Structure formats: C-alpha cells, structure tokens
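Structure assessment
The residues making up each chain are set out below.
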Amino acid sequence: MSKSNFPEKAPSANPVFYRTYSRRVDGGKEHWDDVVERCVHGLSKVGKFTTEEEMLVRDQMQNLHALPSGRWLWVGGTEWIEQQKNFSGAYNCTSTDTYDIHAFPLQMELLMMGSGTGAILEPRCIDQLPEISHTFYLDVLENIGEAREPREERTRLHITEKDRATIYVGDSREGWVNAFLFLLKLATESDWGVGHVTVDLSNVRPPDTPIKGFGGVANPVKLAHFYRRAGEVLRKAYGRKLTSVECCLLLDESSLAVVAGNVRRSAGMRQFDSEDQLAAVAKDNLWQQGEDGKWRIDPERDALRMANHTRVYHHKPTFDEIKDAVTKQFYSGEGAIQYAPEAIARSNRDLLDTDEKRDEF
C-alpha cells in the first residue's frame with residue numbers, strides 16, 4: 001500500500017485520515033506512509049523494540065491489520081509526546097475521580113491534549129469537594145490577542161488592596177486551565193477576600209494561529225464564554241457544595257471551549273450514582289418550542305450535550321430499571337446504565353491466571 005491509497009471498500013478513509021490524523025509538514029500534509037513511519041518510530045522507542053519487532057509492527061500498520069490508538073496516530077513519534085508532561089496525549093480515554101477542585105482543570109487539560117474524559121460524579125467523590133464559600137463579581141474581557149509580543153505563557157493572579165483581582169490568562173494549555181483553577185480557588189477559599197475578579201485574555205493568541213508541538217491552529221472563540229459560565233455556576237452554588245449536575249456543567253462548559261478551539265471532538269462521559277435523580281433528568285427536554293413555533297435549546301444546559309451521562313448501579317438493576325433505561329435511550333439517546341461489579345469483573349478477568357480464579361472473580 002503506497003502513500004494514502006486506502007481500500008476502495010473504505011470510501012471515507014481518505015477524508016477522515018487527512019482531516020484527523022495527517023499532520024502538516026513542509027510542503028503539505030503527511031501521507032499514510034509518513035504517519036506509519038512516525039508512529040512506528042515512536043512506538044519502537046517507547047517499547048524498546050528489536051529490529052524484528054519494529055518490522056512486524058510496521059508491516060501490520062502499513063497493511064491496516066493493526067493500528068495504535070487514534071491519539072497515537074496524531075502525536076506518536078513527535079517531540080511533543082516525548083515530553084513527560086504530555087504523556088496523557090497518547091491515550092484515547094481517561095477516567096478521573098472528581099473529589100477535589102483540581103479534578104476540573106485536570107480534565108480540561110486532558111481534553112486539550114486530545115484524551116477523552118470520564119468523570120466520576122458519584123457521592124463518594126463529589127461529597128469531598130469543598131463548599132462554595134465565597135462569591136464575587138466576574139468580568140471577562142473580550143481582548144483576545146491584544147497583548148504585545150512576546151505574550152505571557154503562564155497565567156498569573158494579581159490581587160490589589162481594593163478587594164479586586166485580575167487573572168491574566170497565559171497563552172498555553174497550562175494557561176487556560178490554571179485560570180480555571182484560580183476561579184475555583186477564589187470561590188472555595190474565602191480567605192482570599194476578593195469581591196471583584198477580572199479575567200484578562202489579551203495574552204491568548206488570536207484565532208488561526210498555529211499551535212507548535214501539538215499541531216493544529218488556535219481558536220479561542222468560546223474561551224470568554226466558558227469563564228463567564230463557570231462564574232455563573234459557582235455563583236449560584238454559593239453557600240453550599242456543588243451538585244452532581246453543576247459539576248457536570250463546569251466540565252462540559254470547559255469541554256465546549258476546547259472543542260470550539262479545534263483541539264478535540266466532544267469525548268466525555270459523566271458517571272452518576274443510580275439513585276441520583278438530578279442527573280437522571282439533567283438532559284430531559286433540552287429543546288423547547290416557543291410560541292413562534294421555533295425550537296430553542298435551554299442556554300443554561302446547552303453544554304450538557306458535550307458528554308454522555310451514565311448511571312452506575314452498585315446493586316444488580318431490576319428488570320424494570322433496565323427496561324426504563326432502554327426505553328429512555330430509544331426516545332432520547334440518553335439513559336445509559338452500568339452495573340459496576342460486572343464492569344470490574346470484565347475489565348480485570350484477564351489479570352487472573354486460571355479459569356477457576358476468573359470464574360470465582
């Protein structure tokens with residue numbers, strides 16, 4: 001198979017490949033042969049392949065018999081993935097117990113590195129989150145790209161003596177997520193004593209600016225909207241802990257900013273407890289028909305479309321519970337359920353060395 005001559009029985013292969021996995025190089029875009037060499041070279045370094053092993057992997061990939069993860073097709077063999085801080089970018093999916101405020105910007109960062117995010121929003125996790133103990137007026141400036149070169153890559157928080165603070169968002173992946181973390185800290189650590197917060201986006205590179213290392217171009221079109229919405233969610237939760245759906249909204253609003261930025265498709269899963277009634281109906285009737293006959297989505301819940309909602313059962317669900325879930329999926333696409341003990345058994349069965357142990361497990 002030469003260049004990018006994919007089988008005729010796969011007519012969508014070429015457009016999908018060039019859209020999603022082919023990186024820009026001098027003179028144009030990578031062909032399939034180029035991606036194979038890049039990915040295999042990277043895998044060989046990670047796995048310390050022998051010459052024979054490298055030849056086998058190259059042959060299997062070249063002939064489309066076996067492929068690495070989709071994320072490795074994009075970043076494998078690049079200088080970016082060889083940096084230790086970027087290792088998560090090689091994984092298609094991740095899962096995070098959301099039990100402290102750092103879990104929120106972490107999942108935003110994982111999305112920016114290309115990994116799908118699974119968030120555990122069951123009580124055993126979110127009950128450990130701190131209360132929203134402080135509220136403040138939030139002003140997000142529409143000044144993307146207005147700072148002079150060179151732009152600051154690191155986010156910094158500047159607090160004045162007049163109960164005011166400014167978050168200068170850095171022009172980097174870490175810059176975006178650390179600004180999110182500052183908002184969360186200001187809302188949960190009342191000793192900061194700030195009543196007015198300004199988010200300054202002047203250091204953020206303007207749309208269509210190339211992203212070195214990871215690849216692609218920047219498009220911070222939804223970044224200001226995200227910080228505003230995060231502020232609104234935190235303000236409404238003042239005096240108590242976040243609900244599971246509010247946690248979901250914070251994650252999904254950040255996801256919307258990342259997806260709009262051309263970095264990643266929507267790839268999220270939110271796992272709720274089976275008894276969580278708020279989560280069970282969170283996406284119900286997202287669209288409403290107005291008096292003019294036009295359909296509109298609820299702007300307060302629009303971002304919930306960014307992820308799948310799954311209710312986790314720690315007891316075996318009844319027939320009626322399964323029937324209700326499947327019926328809801330039929331009509332809305334939502335209502336996924338998971339039986340946790342079975343999921344654990346299925347995902348760990350291969351670690352046991354005898355059939356007796358596997359059956360017992």
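All values reported here derive from a predicted model rather than from experimental measurement.

With that out of the way, let us pick up the pairing of strand E13 (residues 336-339). Strand direction decides the pairing type here: strand E12 (residues 308-313) and E13, joined by 4 bridges, are parallel. The partner of Arg311 across the bridge, within E13, is Ile337. Taken together, E12, helix H11 (residues 319-332) and E13 constitute a β-α-β crossover, and its handedness is right-handed.

Among the 5 residues that make up strand E8 (residues 196-200), 5 are buried, leaving the element largely enclosed by the rest of the structure. In E8, alternate side chains face the same way, and those of His196, Thr198 and Asp200 on one face and Val197 and Val199 on the other are all buried. In this structure, strand E5 (residues 137-140) lies alongside E8, joined through 4 bridges in parallel fashion. Across the sheet, Asp139 pairs through a bridge with Thr198, a residue of E8. Here strand E7 (residues 164-168) pairs with E8 via 5 bridges, running parallel. The partner of Arg164 across the bridge, within E8, is His196. Taking the sense of rotation as the criterion, the β-α-β connection linking E7, helix H7 (residues 173-188) and E8 turns out right-handed.

The next point concerns H7. Taking 1.5 Å of rise per residue, 16 residues should cover 22 Å, and H7 covers 23 Å from first to last C-alpha, within 8% of that figure. Across the 16 residues of H7, 13 count as buried, placing the element largely inside the fold.

Let us now look at the confidence of the model for the protein. The predicted model of the protein has a mean per-residue pLDDT of 89, with 95% of residues at 70 or higher. For the protein, per-element mean pLDDT is lowest for helix H13 (residues 355-360), which scores 78, and highest for helix H6 (residues 123-126), which scores 97.

A few words on the sheet that holds strand E6 (residues 156-159). Reading across from one edge, E5-E8-E7-E6 is the order of the 4 strands in this open sheet, with mixed pairing throughout. Of all the strands in the sheet, just E5 and E6 have a single pairing partner and so form its edges. Taken pair by pair, the neighbouring strands of this sheet meet at an average axis angle of 20°, ignoring direction. Against the sheet, helix H8 (residues 223-236) contacts E5 and E8, and its axis sits at roughly 175° relative to E5.

This paragraph deals with the pattern of salt bridges. Side chains that carry opposite charge are capable of pairing whenever their charged atoms lie near each other. Here the structure, examined in full by the defined rule, presents 24 salt bridges. Arg38 serves as the salt-bridge partner of Glu30, at 2.8 Å between the closest nitrogen and oxygen. Each member of the pair, Glu30 as well as Arg38, is classed as buried. Put simply, Arg229, Glu232, Lys236, Glu253 and Glu300 are held in one network by salt bridges that share partners.

This paragraph deals with helix H2 (residues 32-47). Look at H2: 22 Å from first C-alpha to last across 16 residues, which is about the 22 Å you get at 1.5 Å a residue. All of the buried residues along H2 are Trp32, Val35, Val36, Arg38, Cys39, Val40, Gly42 and Ser44. The inward-facing, buried residues of H2 contact helix H1 (13-20), helix H3 (51-62) and helix H4 (70-75). Residue Lys48 follows H2 closely and has a positive phi angle near 50°.

Quick notes on the rules
Residues numbered from 1 in each chain as written. Predicted model: local features only at pLDDT ≥ 70, side-chain atom pairs only at ≥ 80, totals over all residues. Heavy atoms only, no water. Pairing = 2+ DSSP bridges. Helix = DSSP H or I, 4+ residues; strand = E, 2+ residues; numbered from the N terminus. Right-handed = clockwise from strand over helix to strand, strands pointing away. Buried < 20%, exposed > 50% of the residue type's maximum accessible area, 1.4 Å probe, protein only. Expected span 1.5 Å × (residues − 1). pLDDT = per-residue confidence, 0-100. Axes fitted to C-alpha atoms, helices over the stretch in contact; angles between N-to-C directions. Contact = heavy atoms within 4.5 Å. Salt bridge = Lys/Arg side-chain N within 4 Å of Asp/Glu carboxyl O.

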